[in-house]
Each structure stands twice: as structure tokens, then as C-alpha cells.
Amino acid sequence: MVKNYCRTLPCVAFVGVMSLAVSYGTALATPAGAPPVPALYSQLEAFHGHVCAGSIFGARLGLAAKEALKAAGGTGRFTARYYDLSCPVDGIQVGAGTTYGNAAIAVDDRDEHRLVLSADGNKMSVEARLTNKAEELGLRSRDLGKKIRGLTAEDPARVQLEREMEEIFTWLKTAPNDEVVTIRPLKGKK
Ligand SMILES: [Zn+2]
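Structure report, in brief.

Rules of the game
Residues numbered from 1 in each chain as written. Predicted model: local features only at pLDDT ≥ 70, side-chain atom pairs only at ≥ 80, totals over all residues. Heavy atoms only, no water. Helix = DSSP H or I, 4+ residues; strand = E, 2+ residues; numbered from the N terminus. Salt bridge = Lys/Arg side-chain N within 4 Å of Asp/Glu carboxyl O. Buried < 20%, exposed > 50% of the residue type's maximum accessible area, 1.4 Å probe, protein only. Donors = N, O, S within 2.8 Å, 3.2 Å for Na, K, Ca; no water. Tetrahedral: all angles 85-135°; square planar, octahedral: opposite > 155°, others 65-115°.

## Some remarks on the overall build of the chain
Then step 1. Summing up its helical and strand segments, the chain has 8 helices and 5 strands in all.
Then step 2. For the chain, the N- to C-terminal ordering of α and β elements is α-α-α-α-β-α-β-β-β-α-α-α-β.

Put into C-alpha cells, the structure is as follows:
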């Protein structure tokens, strides 16, 4: 399977599997600041349909934002807004537990990897963005994917590029939250 960081189908495509995502937030919660557990990534891959940097960093954004909003005292139902219609949207649904079927995520397609998570109970919000390193690695994985697709399976250069891609995925999955995501509180619901 070609592993790429790609654009994905509109949200309507995954309404049918929302029940899969509903339990992620509670069953796979991790201590604050720690990277997600491996089981979360297995479920993300099954949900999203392939492994890619975008879905992984989406999960990191979603989980870190949820932890930060809880720690800040956000109450009630959490809802997400993301500013790019692409693979990270699936990661956010898994990481933050804010699913499309529950009307808990909206997408404003502005080509920005920016997540705003809001607590409906007391209107608190946090914004989550990628660190420069995470964003650069996401772009690098996209370039690698294009190069890999241009090579035959037997080409030794392909093996090397796939190895680099795997290293990027591993880093995005396992680096501490503050190396992947930056969080800031927002005033009022955005
Ligand atoms: Zn993807």
C-alpha cells in the first residue's frame, strides 16, 4: 500500500463508521502530555483507511487540545473546528472524540492546520497548531509520497524513501506533545 499524506474525501464519506470513533476518547486516553497509546493509531488506520502524516498529526492535535481544554476547566460537550479539509480531520475525530455524526466537528477549508476546540458548557476554547518541526515533517512526507509513487517496487531508492517515511510517522506518533503541538487558550468560543 502506498502510504501518503493526502487530501481525503468530504466528511460525508465517513458518517457510516462514526460509531467506531465514539469510544476512542475515553478508552484510549493517556496521561496528560504523553503521546497516544499504539492502540489509538491502529484504530485510526482502520478508520482512515491508510497511514499518513496528516491523520497522525490530526490525532495529536485532537488529543492534546482535549487534554488542555479539560485541564483548563472546560465543561460540557466539546466541539471542534478545523481549518483544512484533509486527512487530519479524521485524526481529530479519533483523538478528540469530536465526531461528525455527533455534529461535534466542523471544517472551514482555509488551508490552515489549525484546530479550535470549544467547551459548550462554559464557552472556553483552546487553539492547537503544529510546531514548525511537525509541519515540516508533514510536508516532507508529502514530497516523499510523490517520489515513492514514481518508483517501481523493486527500485532500491524506493526502499530508502519508505524508510524515511516510516521514521517520520514514528516521530509524529511518539514525540512528546509539546514537540508536536502548540496550544494556546482563546477568549470566548471561536
Ligand atoms: Zn491520509
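## Digging into the pattern of salt bridges
Then step 1. Evaluation of the coordinates by the stated rule reveals 8 salt bridges.
Then step 2. For Arg129, the salt bridge is made with Glu112, and the minimal N-O distance between the two is 3.8 Å. Of this pair, Arg129 sits in strand β4 (residues 125-130) while Glu112 sits in the loop between β2 (105-107) and β3 (114-119), and the two are 17 residues apart along the sequence.
Then step 3. Judged by its relative accessible area of 33%, Arg129 is partly exposed.
Then step 4. By relative accessible area, Glu112 is classed as partly exposed at 25%.
Then step 5. For the salt bridge of Arg129 with Glu127, the shortest nitrogen-to-oxygen distance reads 3.2 Å.
Then step 6. One salt-bridge network, held together by shared partners, links Glu112, Arg114, Glu127, Arg129 and Arg184.

## Overview of the coordination of the zinc ion
Then step 1. Protein-derived ligands of the zinc ion are His48 (NE2), His50 (NE2), Cys52 (SG) and Cys87 (SG), with the metal-ligand distances lying across 2.0 to 2.3 Å.
Then step 2. Around the zinc ion sit 4 donor atoms, and with donor-metal-donor angles ranging over 95 to 136 degrees the site reads as irregular.
Then step 3. Between consecutive donor residues of the zinc ion, the sequence gaps follow H-x1-H-x1-C-x34-C. Of this pair, Cys52 sits in the loop between α3 (38-48) and α4 (53-71) while Cys87 sits in the loop between β1 (78-82) and α5 (88-96); the two residues are 35 residues apart in sequence, bridging distant segments of the chain.
Then step 4. Exposure remark for Cys87: the relative accessible area of 0% places this residue in the buried category.

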